[in-house]
Amino acid sequence: MASATRTPRRLKLRDGRVLEFPAVMGVLNVTPDSFSDGGQFLDPERALEHALAMEAAGAGVIDVGGESTRPVGARTVGVEEELARVTPVLELLERTLRVPVSIDTRKAAVADVALRHGAAIINDVSALSADSEMGPLARRTGSAVVLMHMRGGPEDHARFARYRDVVSEVRGYLRARSRFAEQLGINRRRIIVDPGLGFAKTARHNLALLSGLYRICALGYPVLIGASRKRFVRQIAGDGPREVLAGNLAVNCLAIANGASIIRVHDAAESVAAMKMVVAVMRGRG
Ligand code: HH2
């Protein structure tokens, strides 16, 4: 078993760019129905503006998504609709953004278009299981992949939120999916794993995963944590915008201190500032 200390410090992307860890991944949802920012960035110009603001704030990567995966009320979208949402934004980002783009999709056809527009990371919440073309696409193009744990579809999360030992089960799943990816020929140095907070998990499960994060990190892959604005944060920290932000920052700081490499966030500026502080404390210098 690889030890947490051997987790890579950076991710070399297919275009030669390097993503240094820990890194902030800024969320850019181009959807009408995402749970916290649905409809805000459907207009490509507004989406671009937001991406540039997150980049300026220090986000290391921008995650573009055209399908909401929220637990209740998300509508599944077809390839054409998802492409119609993300393509104009990807075209603008390709011309303007300096930091890499990741594409949050379960569809190989959408990932393919995004990669043609310069995206370097495929963020697949189904861990290459929804579309059999996704793995081969990642191998062929040399893109990095985020393999996330989820059970059932986004629409039936609650039914699947049953575990005997959530950390062991999620860890076992991530290990199996990363082996599968490696067997397909995806370079192990381009694999990122994610316990999928909130996806078929109750607040108790999310907390167990966060406090047992070192066991996921011990798999030896960079770990991504997406806690931003999720229900368990609201339940614990409080539902007002300030409480939610404080709750997100607390989770993200602890996740980084416990070995997470990437935090996926809506509030890039605040998250970057908090991350800088954590890193300075961990290193003992500013
Ligand atoms: N969470 C969401 C979407 N994509 N990807 C990864 N790797 N990890 C996550 O935790 C994750 C994710 C859900 O959050 P959001 O994008 O804000 O909402 P929606 O799916 O409704 O667009």
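The rules behind each value
Counting starts from 1 at the beginning of each chain's written sequence and moves along it residue by residue. Totals for whole chains, interfaces and linings use all residues, but because this is a predicted model, local features are given only for residues with pLDDT of at least 70 and pairs of side-chain atoms are given and counted only at 80 or more. Values shown for side chains rest on all heavy atoms present in the structure; no hydrogens or waters enter the calculation. Buried residues are those whose accessible area, probed at 1.4 Å on protein chains only, stays under 20% of the maximum for their type, while exposed residues exceed 50% and partly exposed ones sit between those limits. The helix count covers DSSP runs of H or I at least four residues long, the strand count covers runs of E at least two residues long, and both are numbered beginning at the N terminus. Two strands are counted as paired when DSSP detects at least two bridges linking them. Clockwise travel from the first strand over the helix to the second, with the strands pointing away from the viewer, marks a crossover as right-handed. Every definition here rests on a 1 Å grid over the protein atoms only: cavities are sets of points where a 1.4 Å probe fits but cannot get out, pockets are open sets enclosed by protein on both sides within 12 Å along at least five of seven lines, and lining residues have some atom within 4 Å of a point. Grid points are joined across faces, edges and corners, and a volume is the space filled by probe spheres set on the points. Here the nonpolar group is Ala, Val, Leu, Ile, Met, Phe, Trp, Tyr, Cys and Pro; Asp, Glu, Lys and Arg are the charged ones; every other residue, Gly included, is treated as polar. Being near a molecule or strand, for a residue, comes down to having at least one heavy atom within 4 Å of it. In protein, a polar contact means a hydrogen-donor-capable atom and an acceptor-capable atom, both N or O and within 3.5 Å, with residues adjacent in sequence counting only if both atoms are side-chain atoms; elsewhere, any N or O pair within 3.5 Å suffices. Only the protein chains shown count as cover for residues, with accessible areas throughout obtained via the Shrake-Rupley method and a probe of 1.4 Å. The criterion for an aromatic pair is that two Phe, Tyr or Trp rings (for Trp, the six-membered ring) have centres within 6.5 Å, with stacked assigned to planes under 30 degrees apart, edge-to-face to planes over 60 apart and tilted to the rest. Counting as a charge over the ring demands two things of the Lys NZ or Arg CZ atom: a distance within 6 Å of the ring centre and an angle within 35 degrees of the ring normal.

Student: Could you give me a rundown of the pairing of strand β6 (residues 121–124), with the residues and numbers involved?
Tutor: Regular strands place their side chains on alternate faces of the sheet. The side-chain alternation of β6 yields two buried faces, one formed by Ile 121 and Asn 123 and the other by Ile 122 and Asp 124. Summarising the sheet, strand β5 (residues 101–104) and β6 pair through three bridges and their orientation is parallel. Residue pairing across strands places Ser 102 opposite Ile 121, the latter belonging to β6. With helix α3 (residues 108–116) bridging β5 and its parallel neighbour β6, the resulting β-α-β unit is right-handed. Taken together, β6, helix α4 (residues 134–141) and strand β7 (residues 144–148) constitute a β-α-β crossover, and its handedness is right-handed.

Student: Quick one: what's the story with empty space enclosed by the protein, residue by residue and with numbers?
Tutor: One pass over the structure, following the stated rule, counts one cavity of 30 Å³ or more. Volume-wise, the largest cavity comes out at about 30 Å³. Forming the walls of the largest cavity are Glu 67, Thr 69, Asp 104, Thr 105, Arg 106 and Val 125. For the lining of the largest cavity, the per-class residue count stands at one nonpolar, two polar and three charged.

Student: Let's hear about the site of the ligand: which residues, and what values?
Tutor: In the vicinity of the ligand lie 18 residues, with Ser 34, Ser 68, Thr 69, Asp 194 and Lys 230 positioned nearest. Between a nitrogen atom of the ligand and a side-chain N or O atom of Asp 194, the distance comes to 2.6 Å. In this structure, Gly 226 approaches the ligand through a main-chain N or O atom, which is 3.4 Å from an oxygen atom. Here the ligand, which alone exposes 480 Å², has 99% of that area covered by the protein.

Student: Explain the layout of surface pockets to me, using residue names and the numbers behind them.
Tutor: Considering only enclosed or pocket space, the second largest pocket measures out at about 570 Å³ in volume. Taken together, 20 residues form the lining of the second largest pocket, with Arg 9, Phe 21, Pro 22, Gly 259 and Met 282 sitting closest to its centre. If you tally residues by element for the lining of the second largest pocket, the top one is helix α10 (residues 268–283), at three residues. Class assignment for the residues of the lining of the second largest pocket results in eleven nonpolar, five polar and four charged.

Student: I'd like to hear about the packing of aromatic side chains, residue by residue, with values.
Tutor: All told, the structure shown has zero aromatic pairs when counted by the stated rule. For the cation-ring pair, Arg 177 lies above Phe 180, with the distance from its terminal atom to the ring centre recorded as 4.4 Å.

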